[in-house]
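Structural characterization, general
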Amino acid sequence: MDAFKLLTRSTKFKAGNTLSSTLPSKGKAENPQLFRDETLLESNASGKKRKRTQAAGDSDAEDGNAGDLDFFGSGKRSAASASAKKDEDGPSEQKDASDSEGDDSMDEVERRTILNSHKIKVTDMRDFEEVQPTQPQKEESKKKKKKRKQQEEEPAQTLTKKEQKKARRLFPEPLISFKQLRTKYNISRRLAENIAEQGFTVPTEVQLGSLPLLLGDQSVAQKSGTGKSIEPDLLVVAPTGSGKTLSFMIPVINKIVRHHHEDPEERGILSVVIAPTKELASQIVNEGRKLALGTGVKITLMKKGMRVVERDDEDDSKDVLDEDDSESSGSEDDEKATAKNSKGKAPVTKSDILVTTPLLLVNALSANRTKPLATLPLVRNVVLDEADVLLDPLFRDQTLDIWRSCTHPELRASLWSATMGSNVEDLAKSTIKERKDTLSETKSYPLLRLVVGLKDSAIPNIKHKLVYAATEQGKLLGLRQLLHPAAASSTDIRLRPPFLIFTQTIPRAVALHSELRYDIPPEAGGSSRIAVLHSELSDGQRSEIMKQFRKGEIWILVTTDLLARGVDFRGINGVVNYDIPNSAAVYVHRVGRTGRAGREGGIAVTYYTKEDIPYVKSIANVIDVSEKLRGTNEDKSVQKWLLDALPDLSKKKKEELKKHGVKARQTQGTKDDKKMRISTKSGYERRQENKKKALISASRNRKSQPQSGADSGSDDDNQGWQGLED
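Residues numbered from 1 in each chain as written. Predicted model: local features only at pLDDT ≥ 70, side-chain atom pairs only at ≥ 80, totals over all residues. Heavy atoms only, no water.

To keep it simple, the criterion reads: UniProt positions are given in the numbering used here, feature names are shortened, and annotations may be inferred rather than shown by experiment.
By the naming in an unreviewed UniProt entry, the protein chain goes by ATP-dependent RNA helicase ROK1 and is assigned to Aspergillus niger. Taken verbatim from the UniProt record of the protein chain, the Catalytic activity (unreviewed entry) comment is "ATP + H2O = ADP + phosphate + H(+)". UniProt annotates the protein chain under Subcellular location (unreviewed entry) with the comment "Nucleus, Nucleolus".

**Some thoughts on the sheet that holds strand β13 (residues 556-559)**
Threshold: Here, any two strands with at least 2 DSSP bridges between them count as paired. In this description a helix means any DSSP run of H or I spanning at least four residues, a strand means any run of E spanning at least two, and both kinds are numbered starting from the N terminus. In this analysis an axis means a line fitted to C-alpha atoms, helices contributing only their contacting stretch, and an angle means the value between N-to-C directions, from 0 to 180 degrees. Here, residues are in contact when the closest pair of their heavy atoms is within 4.5 Å.
An order of β10-β15-β14-β11-β13-β12 is seen for the six strands of this open sheet, with the pairing classed as parallel. In this open sheet, the two strands that pair with only one neighbour each are β10 (463-470) and β12 (530-533). Between one strand and the next, the sheet's axes are offset by a mean angle of 20°, whatever the strand orientation. In the packing of helix α22 (residues 472-483) onto the sheet, the strands contacted are β10, β11 (499-502), β13, β14 (574-577) and β15 (603-609), and the crossing angle to β15 comes to about 160°. The sheet contacts of helix α25 (residues 584-591) involve β10, β11, β14 and β15, and relative to β14 the element is tilted by about 145°.

**Details of the environment of Leu643**
Here is the rule we go by: We call a residue buried when its accessible area falls under 20% of the maximum for its residue type, exposed when it is over 50%, and partly exposed in between, using a 1.4 Å probe and counting protein chains only.
Of note, Leu643 is situated in helix α27 (residues 640-645). The exposure class assigned to Leu643 is buried, which follows from its relative accessible area of 12%. Setting aside residues no more than four positions away along its own chain, Leu643 makes contact with Lys617, Ala620, Asn621, Asp624 and Val638.

**A word on the nonpolar core**
Under the convention used in this document: We define a nonpolar core as any set of buried Ala, Val, Leu, Ile, Met, Phe, Trp, Tyr and Cys residues linked to one another through side-chain atoms lying within 4.5 Å. Each domain span listed reflects an automatic or database assignment of domains.
Counting residues in hydrophobic clusters, the biggest one holds 79 residues, and the most contacted among them are Leu181, Met249, Ile250, Ile253 and Ile353. Counting residues per element, this core draws most heavily on helix α15 (residues 244-262), which supplies eight residues. Looking at which domains feed residues into this core, each of domain 1 (170-308 + 348-452) and domain 2 (462-666) gives three or more. For Ile250, the contacting residues outside a window of four places in its chain are Phe178, Leu181, Leu191, Ile195, Leu211 and Leu291. Ranked by size, the runner-up nonpolar core spans 36 residues in total, among them Ile269, Ile274, Ala374 and Leu447.

**Some words on the pairing of strand β7 (residues 381-385)**
Extensive coverage of β7 is indicated by the burial of five of its five residues. Every second residue of β7 is oriented toward a common face, with Asn381, Val383 and Asp385 on one face and Val382 and Leu384 on the other, all of them buried. Pairing of strand β4 (residues 271-274) with β7 involves four bridges; the strand directions are parallel. From the neighbouring strand, Val273 faces β7, where its bridge partner is Val383. In this structure, β7 lies alongside strand β8 (residues 412-417), joined through five bridges in parallel fashion. Within the sheet, the bridge partner assigned to Asp385 lies in β8 and is Trp416.

**Considering the sheet that holds β7**
Read from one edge of the open sheet, nine strands run β2-β1-β9-β3-β8-β7-β4-β6-β5, paired in mixed fashion. Either end of the sheet is taken by a strand with one partner, and the two such strands are β2 (169-170) and β5 (299-301). Judged from the three bridges that link them, β5 and strand β6 (residues 353-356) form a sheet pairing that is parallel. Its bridge partner lying in β6, Leu301 is registered against Val355.

**Some thoughts on the side chain of Asp519**
Heads up, the rule is: Any pair of N or O atoms that falls within 3.5 Å is considered a polar contact. Within protein, one atom must be able to donate a hydrogen and the other to accept it, and sequence-neighbouring residues count only if both atoms are side-chain atoms.
Along the chain, the position of Asp519 falls in the loop between α23 (506-516) and β12. What makes Asp519 buried here is its relative accessible area of 14%. At 2.7 Å, the side chain of Asp519 and the side chain of Arg480 are in polar contact. Excluding residues that lie within four positions of it along the chain, Asp519 makes contacts with Arg480, Leu483 and His484.

**Here's the deal with the pattern of salt bridges**
Threshold: Salt bridges, as used here, are contacts in which a Lys or Arg side-chain nitrogen is within 4 Å of a carboxyl oxygen on Asp or Glu.
Using the criterion set out here, one finds 34 salt bridges in the structure. For the salt bridge of Glu472 with Arg665, the shortest nitrogen-to-oxygen distance reads 3.2 Å. Of this pair, Glu472 sits in helix α22 while Arg665 sits in the loop between α28 (651-660) and α29 (671-675), placing them 193 residues apart in sequence. In this structure, Glu472 and Arg665 share a single accessibility class: buried. For Arg480, the salt bridge identified is with Asp519, shortest N-O distance 2.7 Å. With Arg480 in helix α22 and Asp519 in the loop between α23 and β12, the pair connects residues that are 39 residues apart, well separated along the chain. Connected via shared salt-bridge partners are Glu472, Lys475, Arg508, Asp579, Asp612 and Arg665.

**Some thoughts on unusual backbone geometry**
Between Pro497 and the following residue, Pro498, the backbone shows a cis peptide bond with an omega angle of 0°. Examined against the element boundaries, Pro498 turns out to sit in the loop between α22 and β11. One non-glycine residue, Asn368, lies in the positive phi region at around 60°. Residue position: Asn368 is located in the loop between α18 (358-365) and β7. In this model, Glu386 sits at a positive phi of 60°, which is unusual for a non-glycine residue. Along the chain, Glu386 falls in the loop between β7 and α19 (387-390). With a relative accessible area of 4%, Glu386 lands in the buried category.

**Thoughts on the packing of aromatic side chains**
Each aromatic ring pair is described using two quantities: the centre-to-centre distance and the angle formed by the ring planes. What counts is decided by this rule: Centre distance within 6.5 Å is the pairing criterion for rings of Phe, Tyr and Trp, where only the six-membered ring of Trp is used; planes under 30 degrees apart are then read as stacked, over 60 as edge-to-face, and the remainder as tilted.
On inspection of all chains with the given rule, the structure shows four aromatic pairs. An angle of 50° between the planes, with centres 5.3 Å apart, marks the rings of Tyr468 and Tyr608 as tilted. Of this pair, Tyr468 sits in strand β10 while Tyr608 is found in strand β15, placing the two residues 140 residues apart along the sequence. Judged by its relative accessible area of 44%, Tyr468 is partly exposed. On the numbers, 5.0 Å between centres and 85° between planes, the contact of Phe549 with Phe569 is edge-to-face.

This is the structure:
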């Protein structure tokens, strides 16, 4: 028997095993969609037509044979059939093409087929009593035909939970192409041009489903019973990197452009976008300004000291820092701002869209918690990006204060995140209902939930690796193997920079950075290629590190969960969870920094030690669901025996883990601290360093103390001491 085969029987060798040919850093994906049905694309290419008389149930069972339209084009026929028809009929084909382009309405079977193929589910979240009257009129007419005696004798029929779910389900018309935003939904011409200039052609799943809802979908209006296209309150759960920012910015900008045309005199803050971190808020502003270029819509990033409302009880003598909201930052604007500040208080910001973190806006509305909360009467849209964090106990009160301060009767709220629990949905539902009761409104506006894929699952287009490292030293060794992969190594993990490394706390991030800063050779850039980013750095330092990382000057960024949410690094090849995440939701957001916009080849590596074993099962379940969603049965990173062997975590321990993380890594100066220390130095080297530090601090203390002797006595002499008396 061959000895080599015997030793390597558990190793699967692949062609080109050195590095993946597809990496997220190699460029833009051809199709940004995560759940694209190849059978639909093939049927579109062959030009096969699907029968319109097919039943809705058959379309659900045979989605692959139901692709009669070019779902990813402009609504025209396939290229092969169009060219053949053109040769036969000549100019008459142009007329048919124009007619087909104009007639872009779909029946329910077509809408259902497309939404199911992209794993999009839209549900009405209102109480069932409000949804019940929206049933078709045919059933109502049948009920009217019944005799009164039969109606009295028959007991009231109650629908089962399954029937109620079916009644709540909606099938809005999807957005086939970004060109339809102009032709069908009549958005601003300049906004449509900006979208095209950004290179957006094929909408992602969240854009495919949410944009028609927010821009006015007639199918939803008919089912809601109003007959008019009404903008709903919307809850969106979509994978990371799927284009949620574009999905909520396009309708908001278009709505403000229309408002400027209808009422040019009314100016002020018309929309508020709330994000949990400054980095995410800054990113939203940058993306929004690209879309709003030339539309007259001003987007402002909230900064400390900015005034957003006029208050009658303000102190005019108080000096307030002014932050100009213009897109340019030239010297003339700075001179104007300083001139305004020198005169007194700064003017109220002239912005249409305000992007902010919760605390900054609450402080601005309440004058740093010294006065009652002011109102924002002109705001028509409140957008909560990463809504599950904003409605978490850490930010909940601040977010709800902002939400309640928006007093316009036509206010619409939209909540966006990749993970959203039922508690967040219930809180949003109760807040909207509370607002309706306070305003005494009789209208029932739709509250819809849109889910792409499976709730609270990681993106399916990346690979997950769960690695047992036993100890902290084992994790450091495994991380160094990623930085310096051996040619003869049997591991299949090949992670190329740039990538992110997540730790549990700021001290651990700083310690890991100091340990790795010399691992990259000087000829490749040395320590300048590795940086650490955390919340204790100044805003200038954080923005500079982010800028260098985006440019590619920094290859490896060690950070905390500060960058786990929302921040878009399009060229990230992988994510390393050096410390296990505090929850499954944190894991979903961490690994979502790679594989964005449909890019494949990203890797998520998670190390866990003996202390982490009780907390691994929730992460392993997320990985297992993600691999099932991807459809890969081979090379699973989490085997069934591991899922069965891992212990379940109680609800109380889950809450403690979410708040504090692994307790062993929180202790400092104890025995556990030595085990959790990130270092390869021996105890002798540490003692020598501590002695050296002690000598240096003692020397500084001696220098800072006042000198004794003649110098100290001279002061006493000058104060009038005349010596001994006779």
